[in-house]
Amino acid sequence: MQAIIFFTLAISAMIFVIYLGARSTMRGMKAKSERLTEEEELKNLPENNTGMISELEKLNELGIDENTMVIFTSDNGPWFEGSSGQFRNRKGTSWEGGLRVPFIARWPSIIPRNQRNSHAAMNIDVLPTILDFAGVSLPSETPPDGKSLRGVLTNGEGSPHD
């Protein structure tokens, strides 16, 4: 994948951001009833997401795995072929099955492993979270609508939206 090439080129800078908008994640994801570890969740992603696994392996190969944050999420619940598990309805609705999505954040040296919570968060929280971890202040004249999830990810704090 192109992201693997980018990792190799960006390693000299040591500060980089990659956004992979994999449209294929919207098809075929099924909710599982059993609780899985982080590694099991990553290994059980559908085949069309195996490129992400290759990139995680590349991070380790380049020696930057421990100090790299990876976020895996979606923008909405499953499309009609998918399952929202115990939640009502799916994409295009305001029911929980249309809004609740997985959010997996992985940063081995910063975020404790195998945390689980059901705190309210939104994709608009991703930018403030990344900026907070990078030590960059949010602009006061036009602050983003999102809030940093740093406390949720590192200390198990509640949602910043409560």
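Values in this document were obtained by computation on a predicted structure and should not be read as measured data.

**Focus on the overall build of the chain**
When its secondary structure is counted, the chain shows 6 helices and 2 strands. Taken from N to C terminus, the helices and strands of the chain fall in the order α-α-α-β-α-β-α-α. The burial tally for the chain puts 28% of its 162 residues in the buried class. Excluding contacts between residues fewer than 6 apart, the proportion of contacts in the chain whose partners are at least 24 apart in sequence is 56%. Only carbon and sulfur atoms are counted for the fraction: they give 53% of the accessible area of the chain, which is about 10,800 Å².

**Regarding the confidence of the model for the chain**
When pLDDT is averaged along the chain, the result is 75; 66% of the residues meet or exceed 70. Across the chain, helix α6 (residues 150–155) holds the top mean pLDDT of 94, while helix α1 (residues 2–10) sits lowest at 51. In this model, residues 24–31 is a region of pLDDT below 50 whose contacts with residues beyond four sequence positions or in other chains number 22 contacts.

**Details of the packing of aromatic side chains**
Scanning the model with the defined rule gives 1 aromatic pair in all. Ring geometry for Trp107 and Phe133: centres 5.0 Å apart, planes at 65°, overall edge-to-face. Note that Trp107 is positioned in the loop between β2 (103–106) and α5 (126–134) and Phe133 in helix α5, a separation of 26 residues in sequence. Of the two residues, Trp107 and Phe133, both sit in the buried class.

**A look at the environment of Ile111**
Note that Ile111 resides in the loop between β2 and α5. In this structure, the C-alpha to C-alpha distance between Ile111 and Thr154, residues 43 residues apart in sequence, is 5.1 Å. The residues touching Ile111, leaving out its near neighbours within four places in the chain, are Met69, Ala105, Arg106 and Leu153.

**Overview of the pairing of strand β1 (residues 70–73)**
Because side chains alternate across β1, one face comprises the buried residues Val70 and Phe72, and the other comprises Ile71 and Thr73, none of which is buried. Here 4 bridges tie β1 to β2, and the two strands are oriented antiparallel to one another. By the bridge assignment, Ile71 is partnered in β2 with Ala105.

Rules behind the numbers
Residues numbered from 1 in each chain as written. Predicted model: local features only at pLDDT ≥ 70, side-chain atom pairs only at ≥ 80, totals over all residues. Heavy atoms only, no water. Helix = DSSP H or I, 4+ residues; strand = E, 2+ residues; numbered from the N terminus. Buried < 20%, exposed > 50% of the residue type's maximum accessible area, 1.4 Å probe, protein only. Contact = heavy atoms within 4.5 Å. Areas by Shrake-Rupley, 256 points an atom, 1.4 Å probe, with all protein chains shown as cover. pLDDT = per-residue confidence, 0-100. Phe/Tyr/Trp six-rings, centres within 6.5 Å; stacked < 30°, edge-to-face > 60°. Pairing = 2+ DSSP bridges.

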